[in-house]
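Each chain, letter by letter, is given below.
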Amino acid sequence: MKGRGEKRVDTGKTEEYTAEDISVLEGLEAVRRRPAMYIGDTSTRGLHHLLYEVIDNSIDEAMVGHCTEICITLHADGRATVKDNGRGIPVDIHEPTGKSALEVVLTMLHAGGKFEHKVYRISGGLHGVGVSVVNALSSSLVATVRRDGFTYQQKYQKGKPITPVQKVGKSDERGTEITFLPDDSIMEVTHFDSSIIRYRLKELSYLNRNLKIVLKDERTGTEETFHSEEGLKALVTELDQGEETLFTPPFSFALEEGELILEGALQYIQGTKERILTFANNIHTEEGGTHLEGFKAALTNCIKRYAEENDLIKEKEISLSGEDVREGLTAVISVKLPEPQFEGQTKTKLGTSRVKSQVQTLFGAEFYRFLEMNPQTARAIVNRCCMAARARIAARKAAELTRKSALMGGTMLPGKLVDCISKNPEESELFIVEGDSAGGNAKQGRDSKHQAILPLRGKILNVEKASDEKILNNEEIKALITAIGTGVTLGNHSEFDASRLRYGRIIIMTDADVDGAHIRTLLLTFFFKHMRPLIEQGRIFIALPPLYGIKKGKKWRYVFTDEEKDKILKEESDSVEVTRFKGLGEMDAHELWETTMNPQSRTLRRVKLEDASAAAEMFNILMGKEVEPRKKFIIENALTVHNLDI
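Here the structure is a predicted model, which means the values were calculated and not measured.

A few points about the overall build of the protein
Looking only at helices and strands, one finds 20 helices and 26 strands in the protein. Taking all 646 residues of the protein together, 49% fall into the buried category. In the protein, of all internal contacts separated by at least 6 residues, the share reaching a separation of at least 24 is 67%. For the protein, the exposed surface amounts to about 32200 Å²; the carbon and sulfur share of it is 47%.

What about the sheet that holds strand β24 (residues 555-559)?
The strand order across the open sheet formed by three strands is β24-β23-β25, and the pairing between neighbours is antiparallel. Every other strand in the sheet has two partners, leaving β24 and β25 (576-580) as the edge strands with one partner each. Going across the sheet, the axis of each strand differs from the next one's by a mean of 20 degrees, ignoring polarity. Here strand β23 (residues 548-552) runs beside β24; their pairing, made up of five bridges, is antiparallel. Bridging across to β24, I550 finds its partner in R557. The strands that helix α17 (residues 562-571) touches are β23, β24 and β25; relative to β24, the one it contacts most, it runs at about 145 degrees.

Some details on the environment of I393
Along the chain, I393 turns up in helix α11 (residues 375-407). As for I393 and D468, which are separated by 75 residues in sequence, their C-alpha atoms are 9.7 Å apart. What I393 contacts, discounting residues up to four positions off in sequence, is E317 and I318.

Focus: the side chain of E327
The topology assignment puts E327 in the loop between α9 (322-326) and β16 (329-336). In this structure E327 touches Y268, T272, R384, A388, G491, N492 and H493, once residues within four positions along its chain are discounted.

With respect to the sheet that holds strand β13 (residues 260-268)
Pairing is mixed across the open sheet formed by five strands, whose spatial order is β12-β13-β16-β14-β15. The sheet is open, and its two borders are formed by β12 (251-257) and β15 (283-284), each paired with just one other strand. Where strand β14 (residues 275-280) lies against β16, six bridges are found, and the strand directions are parallel. The residue bridging R275 from the neighbouring strand is T330, located in β16. Sitting on the sheet, helix α6 (residues 194-207) is in contact with β14, β15 and β16, with an inclination near 75 degrees to β14. Contacting β13, β14 and β16, helix α8 (residues 290-309) runs over the sheet at an angle of about 135 degrees to β14.

Details of the pattern of salt bridges
Between side chains of opposite charge, a pair can form as their charged atoms come close. Counted by the stated rule, this structure contains 28 salt bridges. Residue E327 pairs with R384 through a salt bridge whose shortest N-O separation is 3.2 Å. One end of the pair, E327, is in the loop between α9 and β16; the other, R384, is in helix α11, and 57 residues separate them in sequence. The salt bridge partner of K423 is D419, with a shortest N-O separation of 3.3 Å. Residue K423 is classed as exposed on the basis of its relative accessible area, which comes to 61%. Look at the salt bridges and you will find they share partners, linking D56, R200 and E203 into a network.

Examining the packing of aromatic side chains
The geometry of two aromatic rings is summed up by the distance between their centres and the angle between their planes. Evaluation of the coordinates by the stated rule reveals 13 aromatic pairs. Measuring from centroid to centroid gives 6.1 Å for F180 and F192, while their planes differ by 90 degrees, and the two rings are edge-to-face. On the criterion of sequence distance, the pair formed by F180 in strand β9 (residues 175-182) and F192 in the loop between β9 and α6 is long-range, its members being 12 residues apart. Neither F180 nor F192 differs from the other in exposure class; each is buried. Aromatic pair Y306 and Y368: ring centres 6.1 Å apart, planes at 65 degrees, arrangement edge-to-face. Highlighted residues: Y306 in helix α8 and Y368 in helix α10 (residues 354-373), separated in sequence by 62 residues. Exposure remark for Y368: the relative accessible area of 4% places this residue in the buried category. Through a chain of ring-to-ring contacts, the aromatic side chains of F247, F251, F253, F295, F363, F367 and F370 assemble into a single cluster. Above the ring of F150, the side-chain terminus of K167 is found at 3.9 Å from the ring centroid. Directly above the ring of Y548 sits R580, whose terminal nitrogen or CZ lies 5.5 Å from the centroid.

Quick notes on the pairing of strand β6 (residues 150-157)
Direction of pairing for strand β5 (residues 138-147) relative to β6: antiparallel, over a ladder of seven bridges. Bridged to V142 within β6 is K155. Of the pairings in the sheet, the one linking β6 to strand β7 (residues 160-161) comprises two bridges and is antiparallel in character. Across the sheet, the residue bridging to Q157 is K160, located in β7. Where β6 hands over to β7, the hairpin turn is made up of two residues, of which K158 adopts a positive phi near 50 degrees.

Digging into the confidence of the model for the protein
The pLDDT averaged across the protein works out to 84; a share of 84% of its residues lies at or above 70. Confidence drops under pLDDT 50 across residues 17-25; counting only partners more than four residues distant or on other chains, this segment forms six contacts. For the stretch residues 113-120, pLDDT sits under 50, and the model shows 21 contacts to residues farther than four places along the chain or on other chains.

Things to note about the state of the cysteines
All chains considered together, the criterion is met by zero disulfides. No disulfide involves C385; its sulfur sits 7.0 Å from that of C386, the nearest cysteine.

Each value, and the rule that gives it
The written sequence of each chain sets the order in which its residues are numbered from 1. A pLDDT threshold of at least 70 governs which residues receive local features in this predicted model, and a stricter bar of 80 or more applies before side-chain atom pairs are shown or counted, although totals over entire chains, interfaces and linings include all residues. For side-chain calculations, the full set of non-hydrogen atoms in the structure is used, while hydrogens and water are omitted. Put simply, DSSP marks the helices as runs of H or I at least four residues long and the strands as runs of E at least two long, and each gets a number from the N terminus on. Exposure classes here rest on a 1.4 Å probe applied to the protein chains alone. A residue is buried below 20% of its type maximum, exposed above 50%, and partly exposed in between. Contact between two residues is taken to exist if any of their heavy atoms lie within 4.5 Å; hydrogens are not considered. Here the Shrake-Rupley method, with its probe set to 1.4 Å, supplies the accessible areas, and only the displayed protein chains count as covering residues. Strands are treated as partners if at least two bridges between them are detected by DSSP. Here an angle of 0 to 180 degrees is reported between the N-to-C directions of two axes, which are lines fitted to C-alpha atoms, with helices fitted over the stretch in contact. When a carboxyl oxygen of Asp or Glu lies within 4 Å of a side-chain nitrogen of Lys or Arg, that pair is called a salt bridge. Only the six-membered ring of Trp is used, alongside the rings of Phe and Tyr, when aromatic pairs are assigned; centres must lie within 6.5 Å, and planes under 30 degrees apart are stacked while those over 60 apart are edge-to-face, with the rest tilted. Over a ring means this: the NZ of a Lys or the CZ of an Arg is within 6 Å of the ring centre and within 35 degrees of the ring normal. One number per residue, pLDDT, summarises how confident the predictor is, and it ranges from 0 to 100. Any two cysteine sulfur atoms within 2.5 Å of one another count as a disulfide.

Structure (structure tokens):
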């Protein structure tokens, strides 16, 4: 038998597995060895999870009515402090262990008052590992408790106490104060991001009306207070700030059944974005769960039932789906209940099964009552949902059109499309050109193996203002959709399928004048709103035809700006002939090929989507229904524009 100190020889067989190979990690050592099991990861998210675990303990005190103020301080040396005015963690001896209750809470997993209903009927930190995990993953932690007229304190290093619980003075205050320094030997990130914390604290202030939460950042010398009297209604209002809403104020509710408390608020916007935030015992359940399932089911049932009972849907083909009734919806749902079941230690999904039927019943009755008492608002909601359903149906029809074309070997492609020989998307490109004249020149000058030409007649439809039905009935847009082959997104309904893309590059080729810029804007608006993945994948390009041709002798030079032209004329003042290209149709096929279409000599500008929200706002200003924002933009920027282009 080999001794433990001997070197083992690899024989290719499984080594002996005995009791001596079993490791037992005592206390918090398991947390330090496998931190991701407890906080998700050791980077930014895990770091902030540590802070939230401490904050959640204070929030639990607020939920049971014993805490009115919480103060979070970010220190310059990397420490963080959470102080509340709750009851304070008990410091007397815990009989089963013979240790102070404070030390038990800070050093033992699954220890705390949250397992006893008489102490915490509702809490977020039910698993009881929160503050002990923070202690384990901190190089130092100081716990200060104020209660019963005294101040008590205990210090820790890497989860182990280095002092006993000591009475350090008298105090008229009460509450718990935890100061900790994340252990940089375990945590990959130790710098707290105030913007991330600020967002969470604002959420908590909405979820706990009249609770005062203060964030002090000693690193920047800033201090901010979060406090809300209207709760979730105010949160929905803030989420929809700047949006055109269907009704105001938001519909809000606060309901109870047994030990379940259900609160929430909702509102619809004219846009297509769906935003539903869900919380369970103040914990943001990012993956939803049973409370979200119950809410969605009730919302769909209520709107469909109201529409049917009041004969509000005339079209036979429209049957409202859950997706239809949630388009444009902003909602916040919060449940509070004893002993919630979460999926995973980081608690991102609620799994308590009974909650689904409870939420569905409670919210369903209250929301249907709201619809009945507000018929004008109810009608507007139903109309909004029907509009979403029409968009879904239209998107499906557009996808079917492209699928049929593919199945029939391209025989359903638009007649004006001059296709290329290659059927390999990665080696083919589609030129979208302005007018038949330019289309004719492009057809003659192109590389027929790789380049397809789609001439459009004049300015295409402004899709920012048009209904989905009008968009899909527009001949130019139908030609675009069919030629590209991917299908489109309409409203909140996407039938876009990148695998059906027929051309790897889609090149907008218009005249270098104001009309050409307008057409480019309209086309980019269409791609941005209805084929955005093409922009995100870098598939959309703008061709840059020259403004001038400068001939000296038999040699031609093509220039793209007035500044470049003036520089050349200054340098080459003798025997120079300048041609101004007013449009692509005025170039001959050879010129168009050489200047704009030849991959070896052309200039293309790739359309990028650096900031989708900023781009969406700009498209809305320039192309939307509201005149005032566009007028304001023009007035503010009129004197700064030198070369107006897309």
